[in-house]
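Each chain, letter by letter, is given below.
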Amino acid sequence: MRYPGSSLVVTTKGAGRMAYIDWTECLKVGHRFMDQDHERMVACLNQLVEALVGDIDELAGVSRHHAIEGAFASLRAVTEAHFRHEEAAMAVQQYPELAIHKAQHDALLAQLRTASDPLHSPAAGASIQFAIRFWREWFEYHVENYDVALADWLLASTRTE
Ligand SMILES: [Fe+2]
Ligand SMILES: [Fe+2]
C-alpha cells in the first residue's frame, strides 16, 4: 500500500529530520504528570509522522504499513491513557470545569477513532495525515486553553490540602 505522505510538511535541518512538533517550554504547563504525559504524546505523534514520511530503510525492516499502524495505535493508547489520568485528577479535586474539559478530550478521541477505521483503505494515507494535523492543532489549542488552567487548579488544590 502506498501512503502519499509527502504533502505533510516536515522540514529538514542539516542531515537530520526535524521533529514534526517540538517539545518546547511553550507546551509545558508546570504540572509533573501532565508534562510527562504530554511529552510522551508529542513523541508518539513524531513517531507516527516518521513512520508515514520517513526513509523506509530507517524503519528496520518493518513495512511502512505496519510501522504506521503501530505508531497510530501507540498515539491513541498514550492519548487515551493521559485523558483518563487528567479526568481522574479532575474528579478527585472536584474540578468545576471537568465536564467541558472531558468533552474536549472526547472530541479528539472520536476523531482518532474515525481516522483508524479506514487504515486498510486506499484513502488511508490522507486519513492519517488529517488525523496528524488535527491532533497537533487540537493539542496546541487544548494545552493553552484548557490544560494550563487545569494544571494551576491541581497545583493550588494539592497545596491547600
Ligand atoms: Fe493534557
Ligand atoms: Fe486535557
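On a predicted model such as this, the values are computed, not experimentally measured, just so you know.

1. Section: the overall build of the protein
From N to C terminus, the protein includes four helices and two strands. Sequence-ordered secondary structure for the protein, helices as α and strands as β, is β-β-α-α-α-α. Put simply, the protein has 161 residues, and 24% of those count as buried. For the protein, the share of sequence-separated contacts (at least 6 apart) that also reach a separation of at least 24 residues comes to 72%.

2. Thoughts on the nonpolar core
Of all hydrophobic cores here, the largest spans 21 residues; its most connected members are Leu45, Leu48, Ala71 and Ile128. Mapped onto this core, the elements with two or more residues apiece are helix 1 (32–53), helix 2 (64–92) and helix 4 (124–159). Setting aside anything within four residues of it in sequence, one finds Leu48 in contact with Ala71, Phe72, Leu75 and Ile132. One finds Met34, Leu150, Ala151 and Leu154 within the second-largest nonpolar core, a separate group that totals six residues.

3. Remarks on helix 2
Helix length check: helix 2 (29 residues) gives 42 Å between terminal C-alpha atoms against 42 Å at 1.5 Å per residue, within 8%. Note on helix 2: the residue one or two positions beyond its end, Gln94, has a positive phi of about 50 degrees.

4. Things to note about the environment of Gln104
Along the chain, Gln104 turns up in helix 3 (residues 98–116). On the basis of neighbour counts, which here come to 16 C-beta atoms within 10 Å, the residue Gln104 falls in the partly exposed class. In this structure, Gln104 is in contact with His142 and Tyr146, ignoring residues within four places of it in sequence.

5. Looking at the confidence of the model for the protein
Across the protein, the average pLDDT comes to 85, with 78% of residues at 70 or higher. Predicted confidence in the protein is weakest over strand 1 (residues 12–13), with a mean pLDDT of 46, and strongest over helix 1, with 95. Per-residue pLDDT stays below 50 along residues 1–6; that stretch engages in 14 contacts with residues further than four places along the chain or on separate chains. Throughout residues 11–15 the model reports pLDDT below 50, and contacts reaching past four residues in sequence, or to other chains, amount to four contacts.

How each quantity is defined
- Residues numbered from 1 in each chain as written.
- Chains lettered and ligands numbered in written order.
- Predicted model: local features only at pLDDT ≥ 70, side-chain atom pairs only at ≥ 80, totals over all residues.
- Helix = DSSP H or I, 4+ residues; strand = E, 2+ residues; numbered from the N terminus.
- Buried ≥ 20, exposed ≤ 12 C-beta atoms within 10 Å, placed from the backbone.
- Contact = placed C-beta atoms within 7 Å.
- Core = buried A, V, L, I, M, F, W, Y, C linked by C-beta atoms within 7 Å.
- Expected span 1.5 Å × (residues − 1).
- pLDDT = per-residue confidence, 0-100.

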